[in-house]
Amino acid sequence: MVFWVFGYGSLVWNPGFEYDDKMIGYIKNYRRVFDLACIDHRGTPEHPARTCTLEYKEGAICWGAVYCVRGDEEKERLAMAYLENRECEYDQKTTVDFFKDGEIEEPTLSGVIVFTSTPDKESNKYYLGPAPLEDMASQIATAFGPCGNNRDYVFLLEKAMFDIGHEDDLVIELANEVRKVLGITGLGIPKESSNRLTGPSLKPKSPMSPRKLLHLPEAISMDT
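Everything quoted here is computed from the prediction, not taken from an experiment. (Residues numbered from 1 in each chain as written. Predicted model: local features only at pLDDT ≥ 70, side-chain atom pairs only at ≥ 80, totals over all residues. Heavy atoms only, no water.)

> What is the right way to read the layout of surface pockets from this model?
Where empty space is left in the structure can be found by rolling a water-sized probe over the atoms. What the largest pocket holds in volume is close to 400 Å³. Considering the residues around the largest pocket, the lining is formed by 24 residues, among which Ser10, His41, Arg86, Glu87 and Tyr153 are closest to the centre. Listed by contribution, the elements that provide at least two residues to the lining of the largest pocket are strand 1 (2–7), strand 2 (21–38), strand 3 (49–70), helix 1 (73–86) and strand 5 (109–116). Its residues assigned to classes, the lining of the largest pocket shows 13 nonpolar, 6 polar and 5 charged. (1 Å grid on protein atoms, 1.4 Å probe; cavity = no way out; pocket = protein on both sides within 12 Å on 5 of 7 lines; lining within 4 Å. Points joined across faces, edges and corners; volume = space filled by probe spheres on them. Helix = DSSP H or I, 4+ residues; strand = E, 2+ residues; numbered from the N terminus. Nonpolar A, V, L, I, M, F, W, Y, C, P; charged D, E, K, R; others polar.)

> Could you clarify how one ought to interpret the pairing of strand 2 in this entry?
For a regular strand, side chains alternate in direction, first toward one face of the sheet and then toward the other. Burial runs high along strand 2: 14 of the 18 residues are buried. Here 2 bridges tie strand 2 to strand 4 (residues 92–100), and the two strands are oriented antiparallel to one another. Its bridge partner being in strand 4, glycine 25 is matched across the sheet by lysine 100. (Buried < 20%, exposed > 50% of the residue type's maximum accessible area, 1.4 Å probe, protein only. Pairing = 2+ DSSP bridges.)

> Help me understand helix 3 (residues 150–163), please; the structure alone is not making it clear to me.
Since one α-helical turn is 3.6 residues long, residues separated by three or four positions face the same way. With 14 residues, helix 3 should cover 20 Å at 1.5 Å per step; its first-to-last C-alpha distance of 20 Å lies within 8% of that length. Positive backbone phi, at 85°, marks glycine 165, one or two positions downstream of helix 3. (Expected span 1.5 Å × (residues − 1).)

> When you look at the pairing of strand 4 in this model, what are you seeing that I'm missing?
Inspection of the sheet shows strand 4 paired to strand 5 by 6 bridges, in the antiparallel sense. Across the sheet, the residue bridging to threonine 94 is valine 114, located in strand 5.

> Explain the nonpolar core here, please?
Where a protein is soluble and globular, its nonpolar side chains tend to be buried together. Judged by nonpolar contacts, the single largest core of 55 residues is most densely connected at Phe6 and Phe34. The greatest single-element share of this core, amounting to 9 residues, is contributed by strand 3. (Core = buried A, V, L, I, M, F, W, Y, C linked by side-chain atoms within 4.5 Å.)

> Help me out: how do you make sense of the pattern of salt bridges in this one?
It is possible for side chains of opposite charge to pair when their charged atoms get near one another. Under the definition given, this model contains 10 salt bridges. Ionic pairing is found between aspartate 20 and lysine 75, a salt bridge with its closest N-O pair at 2.8 Å. Of this pair, aspartate 20 sits in the loop between strand 1 and strand 2 while lysine 75 sits in helix 1, and the two are 55 residues apart along the sequence. For aspartate 20, a relative accessible area of 35% translates into the label partly exposed. The shortest N-O distance in the salt bridge between aspartate 168 and arginine 32 comes to 2.5 Å. (Salt bridge = Lys/Arg side-chain N within 4 Å of Asp/Glu carboxyl O.)

> Just checking my understanding: could you explain the packing of aromatic side chains for this structure?
Where two aromatic rings form a pair, the distance of their centres and the angle of their planes describe that pair. By the definition in use, this model includes 11 aromatic pairs. For the pair phenylalanine 6 and phenylalanine 98, a centre-to-centre distance of 6.1 Å together with 55° between the ring planes defines the contact as tilted. Here phenylalanine 6 is found in strand 1, whereas its partner phenylalanine 98 is found in strand 4, with 92 residues between them in sequence. With 4.9 Å between their ring centres and 55° between their planes, tyrosine 26 and tryptophan 63 make a pair best called tilted. You can see tyrosine 26 sitting in strand 2 and its partner tryptophan 63 sitting in strand 3, a full 37 residues away along the chain. (Phe/Tyr/Trp six-rings, centres within 6.5 Å; stacked < 30°, edge-to-face > 60°.)

> What's the story with the packing of helix 2 (residues 133–142) against helix 4 (residues 169–182) in this structure? I'm lost.
It is the contact of helix 2 with helix 4, at a shortest axis distance of 8 Å, that shows an interaxial angle of 65°. In the crossing of helix 2 with helix 4, the sense of the turn from one axis to the other is right-handed. Seen from helix 2, the contacting residues are Leu133, Glu134, Met136, Ala137, Ser138, Ile140 and Ala141; seen from helix 4, they are Glu173, Leu174, Glu177, Val178, Val181 and Leu182. Across the contact of helix 2 with helix 4, the residue classes break down as 9 nonpolar, 1 polar and 3 charged. (Axes fitted to C-alpha atoms, helices over the stretch in contact; angles between N-to-C directions. Left-handed = near helix turned anticlockwise from the far one by under 90°. Contact = heavy atoms within 4.5 Å.)

> Sorry, what's going on with helix 2 here?
The complete set of buried residues in helix 2 reads Met136, Ala137, Ile140 and Ala141. Down the axis of helix 2, the sector holding all buried residues measures 130°, keeping them to one side. In this structure, the buried side of helix 2 is in contact with strand 2, strand 3, helix 3 and helix 4. (Arc of directions from axis to C-beta.)

> Any chance you could explain the confidence of the model for the protein chain here in plain terms?
Note: predicted coordinates in regions of low pLDDT should not be interpreted at a detailed level. Of all residues in the protein chain, 82% have pLDDT values of 70 or greater, and the mean over the chain is 86. Between residues 192–224, whose pLDDT stays under 50, and residues either more than four places distant or in other chains, the model counts 68 contacts. (pLDDT = per-residue confidence, 0-100.)

Pasting the structure below:
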């Protein structure tokens, strides 16, 4: 028995389940957006957090990490049960093709599971929809829940994408806007984040650009 699952949010740096293999790569025709409410991890029903989901867009690509669970039925069942509980705000499981870096035409894997959400507020109570960057940043700067602050989610995702060598412009812009709201004099990345990253270490194609990132003298540690 085997299944593969693609992570594009917190699964990139903190999978949280036992896996047998991991690869960095991308899926086609989807982009990362912060249109989904989280009410039980980094937000509450009264003050939901904004977390990322996928939006279909022809020609787009979304980088992340794919994980393999290989073994008996019980091992697979436990991993999927964990993922379904953790990703409870996502109302769909979509299967996609996965491409490793350098692969363009032929996918490395097919039938990879990815948790997605229906972009409709009537049928999906967790779908918030798009909002101006400033509004999203204000919401993210103040939301928190049992698993930590919404802002840490954005900062850790920004760092995780940098660490795998494939930064996301939207994540960078949103993280910088959150820093402006909070008046943070640094990157704001929790120090413990470096211990959560697993899998092979990949050297980024380019250093973090000062043009994109408000890189001030000292980073501060946030609550998680």
